[in-house]
Amino acid sequence: AILFELCQTWRGADYDLIGKNCCSFATVLCQRLGIPQFPAWVDRFARLACKGRAAGQGAVEVGRNFGQFFREAGVAASLLVNEASNLVGDWLGDQQQQQQQQQAL
């Protein structure tokens, strides 16, 4: 019954050389049978590689988030500069009109 149940959750298509392999299956099987697991050194490389892969994926995600932040910040800065330029242009135009009106008097 235990083996049948595990076979339902450990499908061939889910096999992953590093993260879900024969050693990880054997670990779960030993736990379910209530017997001692095999020595930790047997699957040490796969466990370390899996953690390394997860850390690498996390670093890539952080990099993507930083990239997105700076792209959005660049767009916001560009809009802010354009708006400030328009405000300064309007202010200078108002100043010129006031000078012209004063000269006309």
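Not measured: the values here are computed from a predicted model.

Engineer: Quick question: what am I supposed to make of the overall build of the chain here?
Structural biologist: On a plain count of helices and strands, the chain comes out with three helices and zero strands. Ordered by position from N to C terminus, the α and β elements of the chain give α-α-α. For 105 residues, the compact-globule estimate of 2.2 N^0.38 gives 13 Å, and the C-alpha radius of gyration of the chain, at 33 Å, exceeds that figure by more than 25%. Taking the principal axes of the C-alpha coordinates as reference, the chain spans close to 105 × 30 × 20 Å. A burial count over the chain gives 7% of its 105 residues as buried. In the chain, 34% of the contacts between residues at least 6 apart in sequence involve partners at least 24 apart. Of the side chains in the chain, 9 bear a positive and 9 a negative charge, and the two mean positions are spaced by 22 Å.

Reading the values: the criteria
Residues numbered from 1 in each chain as written. Predicted model: local features only at pLDDT ≥ 70, side-chain atom pairs only at ≥ 80, totals over all residues. Heavy atoms only, no water. Helix = DSSP H or I, 4+ residues; strand = E, 2+ residues; numbered from the N terminus. Rg over C-alpha atoms; globule rule 2.2 N^0.38 Å. Buried < 20%, exposed > 50% of the residue type's maximum accessible area, 1.4 Å probe, protein only. Contact = heavy atoms within 4.5 Å. Lys, Arg positive; Asp, Glu negative; His and termini not counted. Charge placed at Lys NZ, Arg CZ, Asp CG, Glu CD.

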